[in-house]
Amino acid sequence: MRLVIARCRVDYVGRLTAHLPMAPRLLMVKADGSVLVHSDGGSYKPLNWMSPPCTLVESELPGGEALWTVTNKTGDQLLITVEEVLHDSQHALGVDPGLVKDGVEAHLQVLLAEQIETLGPGYRLVRREFPTAIGPVDIMARDASGVSVAVEIKRRGDIDGVEQLTRYLELLNRDPLLAPVRGVFAAQEIKPQARVLALDRGIECLVLDYDLLRGVDDPSQRLF
């Protein structure tokens, strides 16, 4: 990645036209060929840019200014006239591993299995990923009375999740060794329509506090 801080003006010429007057800006040239023009504001969004595939040609104007001509496959051009370069550096970042989301369903499943009494006093874990003919149930547990409880876990609980748990319950309740099996729909956020449907089908809803489960929140320190 090449990073250039320069006083420049920018013109986009093509299906649309746009102009940025002379000012200090950050010019970013990525390894994929994209060119982005940033200011010291506006958060992550560039003022203007050219997406790959495109070509960058640098030339010198008669007055001594540099001209970057960035052309894409449709012939549109991003013309960057550089009056003064304040910084110019290149950095090899390598292959990015991608964003790893925190609080995904698999992690919630592990945390809830480890703290199964979040479901209620006397609960005990039977197993995670309890197999059925139509897919595994996230958690199978037994409550204090020994009744089987199937738990479906989502980050955001919607109607599709309730339907999924309903299918699991219909199948599990055919097994005389498990029946009767109750259902718990657990999520960090449960949509109102999903809650109504779940309660209508006798399925309990549980909102999971992810920070509390992973031990980074102390409820006693909350104001409300």
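Residues numbered from 1 in each chain as written. Predicted model: local features only at pLDDT ≥ 70, side-chain atom pairs only at ≥ 80, totals over all residues. Heavy atoms only, no water.

A. Broad picture of the sheet that holds strand S9 (residues 137-142). An order of S8-S9-S10-S11-S12 is seen for the five strands of this open sheet, with the pairing classed as mixed. Of all strands in the sheet, those bounded by a partner on one side alone are strand S8 (124-130) and strand S12 (204-207). Across the sheet, the mean angle from the axis of one strand to that of its neighbour is 30°, orientation sign disregarded. Pairing geometry for S8 and S9, over five bridges, is antiparallel. Looking across to S9, one finds that Arg128 is bridged to Ile139. Sheet strands touched by helix H3 (residues 192-200): strand S10 (148-157), strand S11 (181-190) and S12. Its angle to S11, the strand with the most contacts, is close to 170°. (Pairing = 2+ DSSP bridges. Helix = DSSP H or I, 4+ residues; strand = E, 2+ residues; numbered from the N terminus. Axes fitted to C-alpha atoms, helices over the stretch in contact; angles between N-to-C directions. Contact = heavy atoms within 4.5 Å.)

B. Layout of the pairing of strand S3 (residues 35-38). Residues Val35 and Val37 point to one face of S3 and Leu36 and His38 to the other, with burial holding for every one of them. Sheet topology note: the strand S2 (residues 18-29)/S3 ladder contains four bridges and is antiparallel. Bridge assignment links Val29 to a residue of S3, and that residue is Val35. As consecutive antiparallel partners, S2 and S3 are separated by five residues, and within that stretch Gly33 has a phi angle of approximately 100°, a positive value. Pairing between S3 and strand S4 (residues 48-50): three bridges, direction antiparallel. Counterpart to Leu36 in the pairing with S4 is Trp49. (Buried < 20%, exposed > 50% of the residue type's maximum accessible area, 1.4 Å probe, protein only.)

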